[in-house]
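# Remarks on the overall topology
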Amino acid sequence: MFDVGFTELLLVGLVALLVLGPERLPVAARTVGLWVGRIKRTVNNVQREINEELRVDEMRRQAERNKENLDKFQQDLQGMSKADPLETPQPPASSSSTPAKHD
């Protein structure tokens, strides 16, 4: 995210020491640490909720596709059951069957 090196941290610490003084610097550092921790937890919670919502949405779309496939399958089955049984194709006679006897 941010590329902060050791020299930048040292510079910020030195400026904070000069501005706040040695008495208030530890309290300010602790407060900043608490706020950074809270912000990180909040960002992690938001990311987790977004990922969960995406997962639920994907599951919902998959369920809809499955329902459409099931409806299509049921319609095909109903269409097959309404068809004339005489129109059902018979398997072709195989040529390797026993030869016919001539009398």
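Residues numbered from 1 in each chain as written. Predicted model: local features only at pLDDT ≥ 70, side-chain atom pairs only at ≥ 80, totals over all residues. Heavy atoms only, no water.

Looking at an unreviewed UniProt entry, the protein chain carries the name Sec-independent protein translocase protein TatB, with the source organism given as Balneatrix alpica. Regarding the protein chain, the relevant UniProt record gives this comment under Subunit (unreviewed entry): "The Tat system comprises two distinct complexes: a TatABC complex, containing multiple copies of TatA, TatB and TatC subunits, and a separate TatA complex, containing only TatA subunits. Substrates initially bind to the TatABC complex, which probably triggers association of the separate TatA complex to form the active translocon." Its UniProt record gives the protein chain a comment under Sequence similarities (unreviewed entry), which states: "Belongs to the TatB family." (UniProt positions renumbered as here; feature names shortened; annotations may be inferred.)

So, about the overall build of the protein chain. Across its full length, the protein chain carries one helix and zero strands. Split into buried and exposed, the 103 residues of the protein chain put 2% on the buried side. When the accessible area of the protein chain is evaluated, it comes to approximately 10,300 Å², of which 62% is carbon and sulfur surface. (Helix = DSSP H or I, 4+ residues; strand = E, 2+ residues; numbered from the N terminus. Buried < 20%, exposed > 50% of the residue type's maximum accessible area, 1.4 Å probe, protein only. Areas by Shrake-Rupley, 256 points an atom, 1.4 Å probe, with all protein chains shown as cover.)

Glancing now at helix 1 (residues 6-82). The end-to-end C-alpha distance of helix 1 is 79 Å, clearly below the 114 Å that 77 residues give at a rise of 1.5 Å each. Along helix 1, the largest kink reaches about 115° and is centred on Gly21; proline Pro22 follows within four residues of it. (Expected span 1.5 Å × (residues − 1). Bend = angle between axes of the 7 residues up to and from the residue.)

A word on the pattern of salt bridges. All told, the structure shown has five salt bridges when counted by the stated rule. A salt bridge links Glu52 to Arg55; the shortest N-O distance between them is 2.7 Å. In this pair, Glu52 and Arg55 both sit in helix 1, three residues apart, roughly one turn of the helix. A relative accessible area of 43% places Arg55 in the partly exposed class. Shared partners join several salt bridges into a network, and the residues in it are Asp57, Glu58, Arg61 and Arg65. (Salt bridge = Lys/Arg side-chain N within 4 Å of Asp/Glu carboxyl O.)

Considering only enclosed or pocket space, the largest pocket measures out at about 300 Å³ in volume. In this structure, the largest pocket is lined by Val4, Leu9, Val12, Gly13, Ala16, Leu20, Leu25, Ala28, Ala29, Val32 and Val36. Of the residues belonging to the lining of the largest pocket, the class tally is 10 nonpolar, one polar and no charged. (1 Å grid on protein atoms, 1.4 Å probe; cavity = no way out; pocket = protein on both sides within 12 Å on 5 of 7 lines; lining within 4 Å. Points joined across faces, edges and corners; volume = space filled by probe spheres on them. Nonpolar A, V, L, I, M, F, W, Y, C, P; charged D, E, K, R; others polar.)

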